[in-house]
Amino acid sequence: MSNLKKAKQLPFNVLVKRAIKRVFPTQKIDYTAQDLRKSASNYTLNSLLDVSGLKCSVSGEVIQHYINHEFDLLGSGWLSRNRTKELELDAEHHFFAEKLFKYITDDYQFINWQLDVRSGFQFNDKKQFDDQTIDQSKNVDVKNCWELGRLQHLPQMAFVAIDAQNKIELVQEFKNQSLDFIVSNPVGMGVQWACAMDVGIRVSNLLVAYDVFKQVDSTNLLNDEFTLIFTDSIHRHAEFIDNHLEYKEGAAGNHYLFNLVGLLFAANYLSQKEETILWREFAEQQIENEFHKQFFADGGNFEGSTTYHCLSAEAILYATALMLRNGKKLNQGYISLLGKSAQFIKDIIKLNGEIPQFGDNDSGRLFNFSDNSLLNYEPLLAGFSGLFGRDDNLNIEKTIIEQISKNNKLESPSTKQKKKHQIRNAKHQLQIPSTTEIKFQSDISLEEVKLFAYADFGIYVFKSNNFYLAISAISNKNMHHSWGHVHNDKLSFDLQIKGKDLVKDPGTYSYSAFPEKRNEFRSVKGHHGIVVKGIEQNKAIDLFYLEREVKCQVLEIQDLSITLQANYYGVEHIRKFTILANQLIITDYCNKPFKVNINKFEEYSPNYGVIQKTH
């Protein structure tokens, strides 16, 4: 039944294409029978960055963890990822691996790229990426492997190496880890190739890290022999992405954006050949198309999640910088939407630089150049300032965007919001209302509070220097058809006073590893709305599909109060927020018996894989 429900949610043209694909499937590529690598001797690597202008704030302690092969990923804590058993490869791949071992220092400990450290489950590096099986009796989370395989720590190591006293050690470690990945993960084999999105993120991070390390390598550790091996791996990454685009017959999402960004990075770093030109032109055209498909007119992303908005916006940001580098002419509609997508982040961001976790949060990034909180998106805004020149603050993200784009600037579009809301007088002829008062420790200045309304996306933010209220009404029928990253959080809210959170969304915690927790964290009981016994705002079809039932609208906006309505499965819920100098008053009306559910959920997940008690 769930497959039928999914099919009904697909756009008709996509459904037809998928039906045809089932009847006439594309031929599967057999990676088990291929030689491990083919020569890329006719390619060279360009440099896009200038290390003289790059400064990184990552601590020496964090870098030492990376040298020791300890990684803190998705709530694991700092754990060693060293391989405890000897590397085993199929015969087809072993010959090439033997040739590469001589380039790795004798004392180097190989990393186990196939191990989910949380569950202890080991994926099979002798099997192809699409032939992996998971032990369902264990809480296996494939994302723990993918996060390591994104290699986002390598650029951090590279930036620190610019001014480090142990730069030779860092260059050698980069060389060893790069070769380790190439040897241990034959193309198409094992879990590290199971998601083309992660391949795109990995190739981008490898290239940025190599660019910087090559410039600080004073002893020629990254010699011609290594560079040929490395360049060949980059080429194979791009080939793999090109062969496994996550377009999904036209119903694409954030994964496809990162396929395209990976192709763009590879095409810009690899020397200009017919093949790389085709990759670049294809990726540029698709980025333009997908940007307008995946972002609403108000700048919000169609995944129905604040953090996925930031993730997709980061992909568009770096893609745009690469396109400007090549002299791509962008139309005004594209530039305007890019400005709006950045303004969206600026307007919903909290006083402490973090954003509310409405919808899913898997802590995903394209790059992570610092060790800041993963909920802090000020570095991403700094990156946007590298294109629009909105501030003069020195920041590594801003500098990198300027260098990648060859300092080509875009004219900052007008981001003033049109005060256009669907408003009518709210008549509450429902059950007796319930009133909740949240007191502030000290008064706020009401004159400074402004409303930022994003009706297409479905978020309303009242904000000043000491007050923050964000309300979720995310229910646009034009969102991604699956509503896969949407939560049942309608009319729920985040409240922060003078930098202190009084009410905050619990986050996501996990996806497939803990299905029950997945459903708890996206349920009405996991949010600060109301609970009507036995009724969710949207029924779950599976872990990444909801039924798309709930509808939200604004009923009334008057000064510092807003009234919204949510309808689902016969439930009519009206909620009014009234901001006073010393408190926030929430008034709930409903046509069915209900309980107010503010600050009742006892768990909080600041990042994917991390869980804390709220009391």
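In case you missed it, the structure is sitting above this.
Residues numbered from 1 in each chain as written. Predicted model: local features only at pLDDT ≥ 70, side-chain atom pairs only at ≥ 80, totals over all residues. Heavy atoms only, no water.

### Side note on the overall build of the protein chain
Where we set the bar: Only DSSP runs of H or I reaching four residues or more are called helices, and only runs of E reaching two or more are called strands; each is numbered from the N terminus. Accessible area is worked out with a 1.4 Å probe on protein chains only. A residue is then buried under 20% of its type maximum, exposed over 50%, and partly exposed in between. The protein chains shown are the only cover counted for residues, whose accessible areas, like all others here, come from Shrake-Rupley with a 1.4 Å probe. In this charge count, Lys and Arg are treated as positive and Asp and Glu as negative; neither His nor the chain ends contribute. Every charge is mapped onto a representative atom, which is NZ of Lys, CZ of Arg, CG of Asp or CD of Glu.
Within the protein chain, the regular secondary structure consists of 16 helices and 20 strands. Along the first, second and third principal axes, the C-alpha atoms of the protein chain reach 80 × 55 × 45 Å. Burial statistics for the protein chain: of 615 residues in total, 60% are counted as buried. Carbon and sulfur atoms provide 48% of the accessible area of the protein chain, an area that totals close to 25500 Å². For the protein chain, the distance from the average site of its 70 positive side-chain charges to the average site of its 75 negative ones is 7 Å.

### Points about the pairing of strand β17 (residues 583-590)
Keep this limit in mind: For two strands to pair, DSSP has to find at least two bridges joining them.
Among the eight residues of β17, eight are classified as buried, and the element is accordingly described as predominantly covered. Covered by surrounding structure in β17 are Q583, I585, T587 and Y589 together with L584, I586, D588 and C590, the residues of both alternating faces. Examined bridge by bridge, strand β5 (residues 434-439) and β17 share six bridges and lie antiparallel to one another. Among the inter-strand pairings, K439 is bridged to a residue of β17, identified as Q583. Two strands pair when backbone bridges link them, and strand β16 (residues 571-579) and β17 are joined in this way by seven bridges, in the antiparallel orientation.

### Things to note about the sheet that holds strand β10 (residues 500-503)
In a beta sheet, neighbouring strands are held together by backbone hydrogen bonds and run either parallel or antiparallel to one another. Filter applied, for reference: In this description, a line fitted to the C-alpha atoms serves as the axis of each element, helices being fitted only across the stretch in contact, and the angle between N-to-C directions of two axes falls anywhere from 0 to 180 degrees. Here, residues are in contact when the closest pair of their heavy atoms is within 4.5 Å.
Here five strands make up an open sheet; going across it, the order is β6-β7-β8-β9-β10 and the pairing antiparallel. A strand with exactly one partner marks an edge of an open sheet, and here the two such strands are β6 (450-454) and β10. Across the sheet, the mean angle separating the axes of adjacent strands is 15° when strand polarity is ignored. Pairing analysis gives three bridges linking strand β9 (residues 493-497) to β10, with the strands arranged antiparallel. By the bridge assignment for β10, L495 is matched with V503. Across the face of the sheet, helix α13 (residues 332-348) comes into contact with β6, β7 (459-463) and β8 (467-472) while running at roughly 50° to β7.

### Description of the sheet that holds β16
Taken in spatial order, the five strands line up as β5-β17-β16-β15-β14 in an open sheet, and their pairing is antiparallel. What marks the edges here is a single partner per strand, and that holds for β5 and β14 (551-558). Between one strand axis and the next, the sheet turns by 15° as a mean value, whatever way the strands run.

### So, the environment of K273
We apply this condition: Here a polar contact means two N or O atoms within 3.5 Å. Within protein one must be a hydrogen donor candidate and the other an acceptor candidate, and residues neighboring in sequence count only if both atoms are side-chain atoms.
In this structure, K273 sits in the loop between α10 (254-269) and α11 (274-294). A relative accessible area of 31% means that K273 is categorised as partly exposed. Once the C-alpha coordinates of K273 and N42 are considered, the two residues, 231 residues apart in sequence, prove to be 9.2 Å apart. Those residues in contact with K273 that lie beyond four places of it in its chain are N42 and Y43. At a separation of 3.1 Å, a polar atom in the side chain of K273 contacts the main-chain carbonyl oxygen of N42.

### A word on unusual backbone geometry
Unlike most non-glycine residues, S363 shows phi in positive territory, near 60°. With a phi angle near 45°, Y569 is a residue other than glycine that sits in the positive phi range.

### Observations regarding the nonpolar core
Under the convention used in this document: Grouping buried Ala, Val, Leu, Ile, Met, Phe, Trp, Tyr and Cys residues that are joined through side-chain atoms within 4.5 Å yields what is termed a nonpolar core.
Ranked by size, the top nonpolar core spans 184 residues in total, and within it F213, F265, Y318, F467, L469, F493 and L495 carry the most contacts. Looking at this core, the element that brings in the most residues is helix α12 (residues 306-325), giving 13 residues. Beyond its immediate sequence surroundings of up to four residues, L469 is in contact with Y460, V461, F462, F493, D494, L495, F577, I579 and L584.

### Re the packing of aromatic side chains
Short version of the rule: Two aromatic rings from Phe, Tyr or Trp, using only the six-membered ring of Trp, form a pair when their centres are within 6.5 Å; if the ring planes differ by under 30 degrees the pair is stacked, by over 60 it is edge-to-face, and anything between is tilted. In this scheme, Lys NZ or Arg CZ marks a charge over a ring once it lies within 6 Å of the ring centre and within 35 degrees of the ring normal.
For the structure on display, the rule yields 32 aromatic pairs. A centroid spacing of 5.0 Å and a plane angle of 90° characterise the contact between F121 and F123, whose relative ring orientation is edge-to-face. In this pair, the class of F121 matches that of F123, namely buried. The interplanar angle of 20° and the centroid separation of 4.8 Å between the aromatic rings of Y210 and F230 together place this pair among those described as stacked. Pair noted here: Y210 is in helix α8 (residues 196-216) and F230 is in helix α9 (residues 224-243), with a separation of 20 residues, a long-range link. Considered together, Y210 and F230 belong to a single accessibility category, that of buried residues. Ring pairing ties together the aromatic residues F159, F265, Y318, F367 and F369, which thus form one cluster. The ring of Y608 carries K143 above its face, with NZ or CZ at 5.2 Å from the centroid. Geometry around Y377 places R365 over its ring, the cationic atom sitting 4.2 Å from the centre.

### Observations regarding the packing of helix α14 (residues 378-388) against helix α15 (residues 396-404)
Stated precisely, the cut-off is as follows: Take the far helix as your reference; a near helix turned counterclockwise from it by less than a right angle gives a left-handed crossing, and one turned clockwise gives a right-handed crossing. Charged means Asp, Glu, Lys or Arg here, nonpolar means Ala, Val, Leu, Ile, Met, Phe, Trp, Tyr, Cys or Pro, and polar covers whatever is left, Gly included.
The contact between α14 and α15 brings their axes to 7 Å, and the two run at 35°. Crossing handedness for the pair α14 and α15: right-handed. In contact with P379, A382, G383, S385, G386 and L387 of α14, α15 contributes E397, K398, I401 and E402. Class assignment of the residues belonging to the contact of α14 with α15 gives a composition of four nonpolar, three polar and three charged.

### Description of the pairing of strand β15 (residues 561-568)
Taking burial as the measure, the eight residues of β15 include seven buried ones, the bulk of the element. As defined by bridge partners, β14 adjoins β15 across seven bridges and the pair is classed as antiparallel. Across the sheet, K551 pairs through a bridge with N567, a residue of β15. In terms of strand pairing, β15 meets β16 through eight bridges, oriented antiparallel. Bridged to A566 within β16 is H573. Hairpin connection of β15 to β16: two residues between the antiparallel strands, including Y569 at a positive phi of 45°.

### Re helix α3 (residues 60-67)
Three or more residues of α3 are buried, namely V62, I63, H65, Y66 and I67. Where the residues of α3 are buried, they touch β1 (70-71), α6 (153-161) and α7 (167-184). Note on α3: the residue one or two positions beyond its end, H69, has a positive phi of about 65°.

### Side note on α14
For α14, the tally of buried residues reaches nine of 11 residues, placing the bulk of the element in the interior. Those residues of α14 hidden inside the fold are in contact with α12, α13 and α15. Looking one or two residues beyond α14, the residue adopting positive phi is G389, at roughly 60°.

### Quick notes on the packing of α10 against α12
Selection rule: For this classification, under 35 degrees means roughly parallel, over 145 means roughly antiparallel, 65 to 115 means roughly perpendicular, and everything else is oblique.
One can describe the packing of α10 onto α12 by two numbers: an axis separation of 10 Å at closest approach and a directional angle of 25°. The pairing of α10 with α12 is recorded here as roughly parallel in orientation. Considering how the two elements wind past one another, α10 and α12 form a crossing that is left-handed. Across from N254, L257, F258, V261, L264, F265 and N268 in α10, the residues of α12 making contact are Y308, L311, S312, A315, I316, Y318, A319, L322 and R325. Of the residues assigned to the contact of α10 with α12, the class counts are 12 nonpolar, three polar and one charged.

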